[in-house]
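# Observations on the model geometry
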Amino acid sequence: MTTPDEKAGPGGGTFRTSITMPINLAEYAQARSGGNFSAYLTSLVERDRRREVAQQRLAEFGYVDDMAPTEEGRARARARLEAHRSRTRTGGTGQRAA
């Protein structure tokens, strides 16, 4: 059951709801939440929304089909970024020699 928070103004505030989920997932989420289950779930929904918006924007610029970001491509990009960070932390320039 969902109900709008009575204190919230038009278009803002909070939304109260009741959810049902498997006990093991609820226990995991409660442990990860640091005591604020609502904030934890909110952060997950926000992250999901940001990812969806990013994918929509990439599609607007033609990154679709075989050019669409994949998990493999994201993993390669993360590895390259981490390698760059490692080089720059150890005093390297982060640039390849010609």
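To start, this report covers the structure provided alongside it. Bear in mind that the values here come from a model prediction, so they are computed numbers and not experimental data.

## As for the overall build of the chain
Regarding its fold elements, the chain presents three helices and two strands. Considering the chain as a whole, with its 98 residues, one finds that 5% of them fall into the buried category. Put simply, 0% of the contacts in the chain that link residues at least 6 apart link residues at least 24 apart. When the accessible surface of the chain is split by element, carbon and sulfur atoms take 54% of a total near 8,900 Å².

## Structural notes on a nonpolar patch on the surface
Residues L58, F61, Y63 and M67 make up a contiguous nonpolar surface patch of about 440 Å² in total accessible area. Secondary-structure assignment places L58 in helix α2 (residues 37–60).

## Quick notes on the layout of surface pockets
Taken as a whole, the largest pocket encloses approximately 350 Å³ of empty space. Lining the largest pocket are G13, T14, F15, R16, T17, S18, I19, F37, S38, L41 and T42. Considering every element that reaches the lining of the largest pocket, the biggest residue donor is α2, with four residues. Looking at the lining of the largest pocket residue by residue, the class counts come to four nonpolar, six polar and one charged.

## Observations concerning the pattern of salt bridges
All told, the structure shown has five salt bridges when counted by the stated rule. In this structure, E71 engages R78 in a salt bridge whose closest nitrogen and oxygen atoms are separated by 2.9 Å. Between E82 and R85 there is a salt bridge; the shortest N-O distance is 3.4 Å. With E82 and R85 both in helix α3 (residues 71–89) and three residues apart, the pair spans about one turn of that helix. With a relative accessible area of 34%, E82 lands in the partly exposed category. Overlapping salt bridges bring together E71, R74 and R78 as one network.

Analysis parameters
Residues numbered from 1 in each chain as written. Predicted model: local features only at pLDDT ≥ 70, side-chain atom pairs only at ≥ 80, totals over all residues. Heavy atoms only, no water. Helix = DSSP H or I, 4+ residues; strand = E, 2+ residues; numbered from the N terminus. Buried < 20%, exposed > 50% of the residue type's maximum accessible area, 1.4 Å probe, protein only. Contact = heavy atoms within 4.5 Å. Areas by Shrake-Rupley, 256 points an atom, 1.4 Å probe, with all protein chains shown as cover. Patch = residues over 30% accessible without salt bridge, like charges linked within 9 Å, V, L, I, M, F, W, Y side chains within 5 Å. Salt bridge = Lys/Arg side-chain N within 4 Å of Asp/Glu carboxyl O. 1 Å grid on protein atoms, 1.4 Å probe; cavity = no way out; pocket = protein on both sides within 12 Å on 5 of 7 lines; lining within 4 Å. Points joined across faces, edges and corners; volume = space filled by probe spheres on them. Nonpolar A, V, L, I, M, F, W, Y, C, P; charged D, E, K, R; others polar.

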